[in-house]
Amino acid sequence: MEALAELERLQIRLLQRISNLESSLLSQHFSQNLSISTISNTTEDRLSGILRANGVNDFSFKRVPSDYYDCPLEARRDIVSAASIRHLCKSIVLVNTQAPSNITDCSDRNNSKYYVVVVQYAARFNAEAVKNFLYTLNDGKIAKKKFNMRLAPEETSAKLTGYEHNGVTCIGMRTDIPVILDEAITKLNPDFFWFGGGEIDLKLGIRTSEFIDFVKPFIVNCS
């Protein structure tokens, strides 16, 4: 009888430990989901506030699945309800690797160390066109060899924008980087394009005219 009583006590303790473990795991899962939800809402709320404060009213956010970037452009178009694959765009950070030693930041909009270019996924980006544009913008006073636009390293992009790869947007960046908008985007019909929304799985759709009025980008034929 004593052996049975001891076995019963062991079973009760074991069941209690299992119950405590389940409660702990459930609590952690809830906390993680709450944390993720809070971060997501904060990003969307922050960018929405910036847009509305600057006269942008026609915009929309869309949460996309984790395999979004494994999908073809046609599937991505359907996920965000874009008008066409040409309405799917991205923001990329460029660095002028040949800038003079005194050009280290973005204080000179016409001759910045860095630029953010918004370009269509379906288009081929032309860095040479940006180089020629900047040369002309500076009235030829800066030698062409002093412009060599290359994709900035991911860590540099994240440091300057505050956004990670595939989540980069030119809205609410940590640094006021001059923006270049590919001219092809201004010719889209309807004039509402999609690009990064500040998180990998968050996309932002915006009316082109309102984007231009707010961001005041250089409009360059660079694709």
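Reading the values: rules and limits
- Residues numbered from 1 in each chain as written.
- Predicted model: local features only at pLDDT ≥ 70, side-chain atom pairs only at ≥ 80, totals over all residues.
- Heavy atoms only, no water.
- Helix = DSSP H or I, 4+ residues; strand = E, 2+ residues; numbered from the N terminus.
- Buried < 20%, exposed > 50% of the residue type's maximum accessible area, 1.4 Å probe, protein only.
- Contact = heavy atoms within 4.5 Å.
- Core = buried A, V, L, I, M, F, W, Y, C linked by side-chain atoms within 4.5 Å.
- Pairing = 2+ DSSP bridges.
- Salt bridge = Lys/Arg side-chain N within 4 Å of Asp/Glu carboxyl O.
- 1 Å grid on protein atoms, 1.4 Å probe; cavity = no way out; pocket = protein on both sides within 12 Å on 5 of 7 lines; lining within 4 Å.
- Points joined across faces, edges and corners; volume = space filled by probe spheres on them.
- Nonpolar A, V, L, I, M, F, W, Y, C, P; charged D, E, K, R; others polar.
- pLDDT = per-residue confidence, 0-100.
- Axes fitted to C-alpha atoms, helices over the stretch in contact; angles between N-to-C directions.
- Phe/Tyr/Trp six-rings, centres within 6.5 Å; stacked < 30°, edge-to-face > 60°.
- Lys NZ or Arg CZ within 6 Å of the ring centre and 35° of its normal.

Caption draft 1: Geometry of the overall build of the protein chain. The secondary structure content of the protein chain amounts to 6 helices and 8 strands. Starting at the N terminus and ending at the C terminus, the protein chain contains elements arranged as α-β-α-β-β-α-β-α-β-α-β-β-α-β. Counting the 223 residues in the protein chain, one finds 38% classified as buried. Here the analysis covers contacts within the protein chain between residues at least 6 apart in sequence; of these, 67% occur between residues at least 24 apart.

Caption draft 2: Up close: the side chain of serine 48. Summarising the element assignment, serine 48 is placed in helix 1 (residues 2-53). Leaving out residues up to four positions away in the same chain, serine 48 has contacts with Phe59 and Phe61.

Caption draft 3: View of the nonpolar core. Val118, Phe193, Phe195 and Phe211 are the most contacted members of the largest nonpolar core, which has 31 residues in total. If you list the elements that add at least two residues to this core, you get helix 1, strand 1 (59-63), strand 2 (89-96), strand 3 (114-120), strand 5 (179-182), strand 6 (192-199), strand 7 (202-207) and helix 6 (208-215). Core analysis: the second largest hydrophobic core is formed by 15 residues, Leu94, Val130, Ile142 and Phe218 among them.

Caption draft 4: Summary view of the pairing of strand 6. A large share of strand 6 lies buried, amounting to 8 of its 8 residues. When strand 6 meets strand 7, the two strands line up antiparallel, connected through 6 bridges. Counted as the bridge partner of glutamate 199 is leucine 202 from strand 7. In sequence, strand 6 turns back onto strand 7 through a hairpin of 2 residues.

Caption draft 5: Representation of the pattern of salt bridges. The full count for this structure, using the stated rule, is 6 salt bridges. Between aspartate 58 and arginine 207 there is a salt bridge; the shortest N-O distance is 2.7 Å. Residue aspartate 58 is located in the loop between helix 1 and strand 1, and its partner arginine 207 is located in strand 7; the two are separated by 149 residues in the primary sequence. For arginine 207, a relative accessible area of 24% corresponds to the partly exposed category.

Caption draft 6: Spotlight on the layout of surface pockets. Here the largest pocket defines a volume of roughly 480 Å³. Lys90, Ser91, Ile92, His165 and Asn166 are the residues nearest the centre of the largest pocket, which is lined by 30 residues in total. Counting residues per element, the ones that place at least two in the lining of the largest pocket are strand 2, strand 3, helix 4 (154-161) and strand 6. Residues that form the lining of the largest pocket fall into these classes: 18 nonpolar, 7 polar and 5 charged. What the second largest pocket holds in volume is close to 240 Å³.

Caption draft 7: Here's a closer look at the confidence of the model for the protein chain. For the protein chain, the average pLDDT comes to 89, and 82% of its residues sit at 70 or higher. Between residues 29-40, whose pLDDT stays under 50, and residues either more than four places distant or in other chains, the model counts 3 contacts.

Caption draft 8: Spotlight on the sheet that holds strand 2. Within the open sheet, the 5 strands sit side by side as 4-2-3-5-8. Their pairing is mixed. On the outer flanks of this sheet lie strand 4 (149-151) and strand 8 (218-220), each paired with one strand and no other. Neighbour-to-neighbour, the strand axes of the sheet open up by a mean angle of 35 degrees, direction not taken into account. Where helix 3 (residues 127-137) meets the sheet, its contacts fall on strand 3, strand 4, strand 5 and strand 8, and the angle it forms with strand 4 comes to roughly 140 degrees. In the packing of helix 6 onto the sheet, the strands contacted are strand 3, strand 5 and strand 8, and the crossing angle to strand 5 comes to about 155 degrees.

Caption draft 9: How the structure looks around the packing of aromatic side chains. One pass over the full model with this rule turns up 7 aromatic pairs. Measuring from centroid to centroid gives 5.3 Å for phenylalanine 193 and phenylalanine 211, while their planes differ by 80 degrees, and the two rings are edge-to-face. Linking phenylalanine 193 in strand 6 with phenylalanine 211 in helix 6, this pair joins segments that are 18 residues apart in sequence. Taken as a pair, phenylalanine 193 and phenylalanine 211 share a single burial class, namely buried. Three or more aromatic residues joined by ring pairs form one cluster here, namely Phe193, Phe195 and Phe211. A cation over a ring is seen here: arginine 76 above tyrosine 121, with NZ or CZ 5.3 Å from the ring centre.

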